[in-house]
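Read off the chains here:
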Amino acid sequence: MTELIDNPDFRCGYIAIVGRPNVGKSTLMNALIGAKVSITSRKAQTTRHRITGIQTKDNTQFVYIDTPGFQTRHSNALNRTLNRTVTTTLTAADVILYIIEAGTFGPADQQVINLLPKDVPCILVINKSDRVKDKAVMMPFAQKVAALHNFSAIVPVSATLRFQLENLESEIRKYLPLNPPMFGEDDITDRSEKFLAAEIVREKLFRFVGDELPYTSTVLIEKFEQEGNLRRVFVAILVDRDGHKSMVIGNKGARLKDISTQSRQDMEKLFGGPVYLEIWVKVKSGWADNEAGLRAYGYE
């Protein structure tokens, strides 16, 4: 670590990852840092917090900030809070990665472009480029989007296949300031294990009940204890109605058992030790439209 701090050519800075919901922002950050610290699912609005992912490589420390997808469909307190998180992160970043899906650009993508500050270097990242069979259409598509903002670079990638990620890192590094590292060489996130445990359960909730359960659900860690290498985690899943509770529990508790089992397995892999996990489902109507309640539940 001392060698990194004493290196006059060392670069370090914050990289905001932004885009409409479900373009692969979390998948991209996880791929860039080589570890799963931001949850993923096919359901939009999976990411609800600023998640920091840290990658230290050679003479550079990349501090990525995965942001919620900018919300345009509903205007409750939760979505207003998520949108504030996006706009605040953009103004504080040293570099912005603006993510779109290859071959797809709509009004929601345009709304995020409208938020991009003009004085922060912004790289256009075209994700899922491996899905475009006719590569001849990629260039005019990229040029059309690039005309909408003064982008510093354009990089087509595939986060799932790790295609062009080294090229993307090289472009990012050009715009990072000369700074000593802000985090340890082996750090991959600044989030606590308690926070990561809640995110893991929320990911499984979305994966198992995503097509049925409305967005008005969240996860609270009621108790997180560590005894030696064993972690004891007690979790409450909050839903808006009794009917939603039944969805989460499933027939004879089968769905909740699946959520619990896969959550525990992911926690053990991430924390490197055994986990005792208990999950309850509780009904709390109106939590997503209560500003004070949102702050109490950890929303910024």
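Keep in mind that what you see is a predicted model, and the values were worked out from it rather than measured. (Residues numbered from 1 in each chain as written. Predicted model: local features only at pLDDT ≥ 70, side-chain atom pairs only at ≥ 80, totals over all residues. Heavy atoms only, no water.)

Colleague: Tell me what's going on with the sheet that holds strand β5 (residues 122-127), and back it up with residues and numbers.
Modeller: Here six strands make up an open sheet; going across it, the order is β2-β3-β1-β4-β5-β6 and the pairing mixed. The sheet terminates laterally at β2 (51-57) and β6 (153-156), the two strands that pair on one side only. Strand-to-strand twist in this sheet, taken as the mean axis angle between neighbours without regard to direction, amounts to 25°. Relative to β5, strand β4 (residues 95-101) is paired through six bridges, and the arrangement is parallel. Looking at the pairing, Y98 lines up with L124 of β5. In the packing of helix α5 (residues 138-146) onto the sheet, contacts are made with β4, β5 and β6, and the angle to β5 comes to roughly 145°. (Pairing = 2+ DSSP bridges. Helix = DSSP H or I, 4+ residues; strand = E, 2+ residues; numbered from the N terminus. Axes fitted to C-alpha atoms, helices over the stretch in contact; angles between N-to-C directions. Contact = heavy atoms within 4.5 Å.)

Colleague: Quick one: what's the story with the pattern of salt bridges, residue by residue and with numbers?
Modeller: According to the stated counting rule, one finds 13 salt bridges in the structure shown. D109 is the salt-bridge partner of R20, the closest N and O atoms lying 3.0 Å from each other. Remark: D109 occurs in helix α4 (residues 107-113) and R20 occurs in the loop between β1 (11-18) and α2 (25-33); sequence separation between them is 89 residues. Taken individually, R20 and D109 each receive the classification buried, so the pair is uniform in this respect. Between R232 and E227 there is a salt bridge, and its shortest N-O distance comes to 3.0 Å. (Salt bridge = Lys/Arg side-chain N within 4 Å of Asp/Glu carboxyl O. Buried < 20%, exposed > 50% of the residue type's maximum accessible area, 1.4 Å probe, protein only.)

Colleague: Account for helix α7 (residues 193-209), naming residues and giving values.
Modeller: The terminal C-alpha atoms of α7 lie 24 Å apart, and with 17 residues this matches the ideal 24 Å at 1.5 Å per residue to within 8%. The element α7 is extensively covered by neighbouring structure, given that 13 of its 17 residues are classed as buried. (Expected span 1.5 Å × (residues − 1).)

Colleague: Give a detailed account of the nonpolar core, specifying residues and quantitative values.
Modeller: A general trend in soluble globular proteins is that nonpolar side chains are found buried together. With 48 residues, the main nonpolar core has L28, Y64, L97 and L168 as its most contacted residues. Per-element accounting of this core gives the leading share, eight residues, to α7. Sequence-distant contacts of L97, that is, excluding residues within four places in its chain, are made with I15, A16, I17, V18, L28, Y64, I123, V125, L168 and I172. Ranked by size, the runner-up nonpolar core spans 21 residues in total, among them A16, V112, L124 and M138. (Core = buried A, V, L, I, M, F, W, Y, C linked by side-chain atoms within 4.5 Å.)

Colleague: Describe in detail a negative patch on the surface, supporting the description with residues and values.
Modeller: Taken together, E185, D186, D187 and D190 make up a surface patch of like negative charges. Along the chain, E185 turns up in the loop between α6 (165-174) and α7. Exposure remark for E185: the relative accessible area of 43% places this residue in the partly exposed category. (Patch = residues over 30% accessible without salt bridge, like charges linked within 9 Å, V, L, I, M, F, W, Y side chains within 5 Å. Areas by Shrake-Rupley, 256 points an atom, 1.4 Å probe, with all protein chains shown as cover. Lys, Arg positive; Asp, Glu negative; His and termini not counted. Charge placed at Lys NZ, Arg CZ, Asp CG, Glu CD.)

Colleague: Tell me about the sheet that holds strand β7 (residues 217-227), and name the residues and values.
Modeller: The strand order β7-β8-β9 describes an open sheet built from three strands, whose pairing is mixed. Of all strands in the sheet, those with a lone pairing partner are β7 and β9 (275-283), marking the two edges. On average, adjacent strands in this sheet sit at an angle of 15° to one another, irrespective of strand direction. Docked against the sheet, α7 engages β7, β8 (230-239) and β9, running at close to 135° with respect to β7.

Colleague: Explain the side chain of Q55 to me, and be specific about the residues and the numbers.
Modeller: Within the secondary structure, Q55 is located in strand β2. Of note is the side chain of Q55, whose polar atom sits 3.4 Å from the backbone oxygen of L32. Setting aside residues no more than four positions away along its own chain, Q55 makes contact with L32, I33, T60, Q61, F62, Y64 and E169. (Polar contact = N/O pair within 3.5 Å; in protein donor to acceptor, adjacent residues only side chain to side chain.)

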